[in-house]
Amino acid sequence: MDEMVYFHLLQQQEDDEEAEDELLDGAMHAAAIMAFSVEEARQIRADRRHSNRLYLRQGQLLPNPRTGTPWQALYNSRDDRAFITTMGFDVATFDYILNSGFASAWYWTPIPRPDTPATAAPRPGGRSLNAPGALGLVLHYLNSTMREISLQQIFALIPTTVSRYVTFALNILLGVLRRLEEAEIRYPTGDEEFQELNELIVARHPRLTGAFASIDGLKLPVQTSADEDVENATYNGWLSEHFVSSVLAFSPKGPIIAAKLNAPGSWHDAHVAQPIFEKLRMKTPEGYYMVADTAFPRGTSQIDGRIRAPVKAGQRLQGTAEEIQEKMAFDRELLSYRQTAEWGNRTLQGSFGRLRVPLDINNAESRGDLLETTVRLHNLRCRRVGYNQIQSVYVPMWRSTMEEEEIWLNFENMVFADQRRNDRVTRFHTFAEFE
């Protein structure tokens, strides 16, 4: 009997040990499966990230940013057409900016970095780009809608370097432009200047005695914000989109002579234009006026007559037949000259493709600096090259293909992806496209 009991106990113990072994094996298998699943999920996520990566690593770029890159080939060509197409300026003006303080600032100003003290000495020999390369990079950035991956390929730079160099070079460029007389945003002073501007207008529009400039609003797309107050401030209910608003006044010579930039898109032009209205009230001789669109606000009674616009559709004209005929002739000339402000706004957005990319909503200061930079570059181009030269030489280059013509004439109605796909600067450079 004792032997039978002992046998059963022994059997029970063996069965329990086998059960424990099976549980242990099962647990180990489950752990192995879980570990495999976790690793597989990690790999899938990594593969998905890699498939959507819009940047390149060092090994996927040309080895030396200072030799043998697409930028070096462009720069060494010294070809005006290539420079105008990709950077918006001819060779002479590019060199003028470079030699007006940009080069020295690039070489002798430390690039801000989180891992380097602000007092550290600059190391120009250690930079991936020399001064012409840095200016070329920032002008490529401003004149195109291209992604940073394209800039990486053109200049053989990794993503962090592109971002840091663009930010640093933009600050240097704005500082240089603020010191250049040709880039000034300068309102006329004295009767002689106003008279000179009016004579340019009257030569083509003889009835517009007293006109000295045209004025219009400009709305630029901006990113949406998670902050409800910012979201509401930039939302334009009339256009059902998010914008920042600016008001620009254009001289008949082409430059912008007054500007209010980077206001919230929900503001009416009458609010945005207050600083310009004040110039009309305090700094404009009697009898002179700006020409505006019918919908543009005329300001308060304090500047009555200082902004003139064509009559609204359906508005009645009173007087004798001769008087009405003269009013209609005057109105046609107002309508014709008003279009110069539209041309100016279109030139800004057509040449500086970055203004067609939704602007950063989170940094109002850098957004304002970018807008000021493009306005001052526009003025520099007008004063260095001339209004007629821009119309006859530059604009045809910017509109040389059917795709570029479509962007120039209709970019406000185009899907943003189509604008980026047909960007003229991207099309100029031939390289692989990663999507």
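Residue positions are counted from 1 within each chain, in the order its sequence is given. Where local features are concerned, this predicted model is filtered to residues with pLDDT of at least 70; where side-chain atom pairs are given and counted, the filter is 80 or more; whole-chain, interface and lining totals use all residues. The side-chain numbers reported here are obtained from all heavy atoms of the structure, hydrogens and water having been left aside.

## Some points on the pattern of salt bridges
Here, a salt bridge means any side-chain nitrogen of Lys or Arg that lies within 4 Å of a carboxyl oxygen of Asp or Glu. Throughout the structure, instances matching the rule amount to 13 salt bridges. Across the pair K253 and E196 runs a salt bridge whose closest N-O atoms are separated by 2.8 Å. Of this pair, K253 sits in the loop between β3 (241-250) and β4 (256-264) while E196 sits in helix α8 (residues 190-202), and the two are 57 residues apart along the sequence. Think of it in three bands: with a 1.4 Å probe and only protein chains considered, a residue is buried below 20% of the maximum accessible area for its type, exposed above 50%, and partly exposed in between. Exposure remark for K253: the relative accessible area of 37% places this residue in the partly exposed category. In this structure, the salt-bridge partner of D293 is R338, at a minimum N-O distance of 3.4 Å. Of the two residues, D293 sits in the loop between β5 (289-292) and β6 (307-308) while R338 sits in helix α12 (residues 321-351), which places them 45 residues apart along the sequence. One network of salt bridges, with partners in common, ties together R178, D369, E372 and R376. In this text, helices come from DSSP runs of H or I with a minimum length of four residues, and strands from runs of E with a minimum of two, each type numbered from the N-terminal end.

## Thoughts on the packing of aromatic side chains
What counts as a ring pair is set by centres within 6.5 Å for rings of Phe, Tyr and Trp (its six-membered ring), and what kind of pair is set by the plane angle: stacked under 30 degrees, edge-to-face over 60, tilted for all other angles. Going through the model one piece at a time under the given rule, you end up with 12 aromatic pairs. With 6.2 Å between their ring centres and 45° between their planes, W71 and F94 make a pair best called tilted. Of this pair, W71 sits in helix α2 (residues 70-77) while F94 is found in helix α4 (residues 91-108), placing the two residues 23 residues apart along the sequence. We classify W71 as buried; its relative accessible area is 1%. Ring-pair connections join several aromatic residues into one group, and the members of that group are W71, Y75, F83, F94 and F155. Above the plane of the ring of W106 lies R127, whose end atom (NZ or CZ) is 5.4 Å from the centre. Working rule: Lys NZ or Arg CZ, within 6 Å of ring centre, within 35 degrees of ring normal, means a charge sits over the ring.

## Notes on the packing of α12 against helix α13 (residues 364-385)
The axes used here are C-alpha line fits, helices contributing only the stretch in contact, and every angle between their N-to-C directions lies in the interval 0 to 180 degrees. Orientation of α12 relative to α13, taken along the N-to-C sense of each, is 110°, at an axis distance of 11 Å. Our classification of the angle between α12 and α13 gives roughly perpendicular. Contact residues: T347, L348 and S351 in α12; T374, V375, H378 and R381 in α13. For this classification, the nonpolar set comprises Ala, Val, Leu, Ile, Met, Phe, Trp, Tyr, Cys and Pro, the charged set comprises Asp, Glu, Lys and Arg, and every other residue, Gly included, is treated as polar. The class makeup of the residues in the contact of α12 with α13 is 2 nonpolar, 4 polar and 1 charged. Angles are sorted into four bins: roughly parallel if under 35 degrees, roughly antiparallel if over 145, roughly perpendicular if 65 to 115, and oblique for all others. Here, residues are in contact when the closest pair of their heavy atoms is within 4.5 Å.

By themselves these figures say nothing about function.
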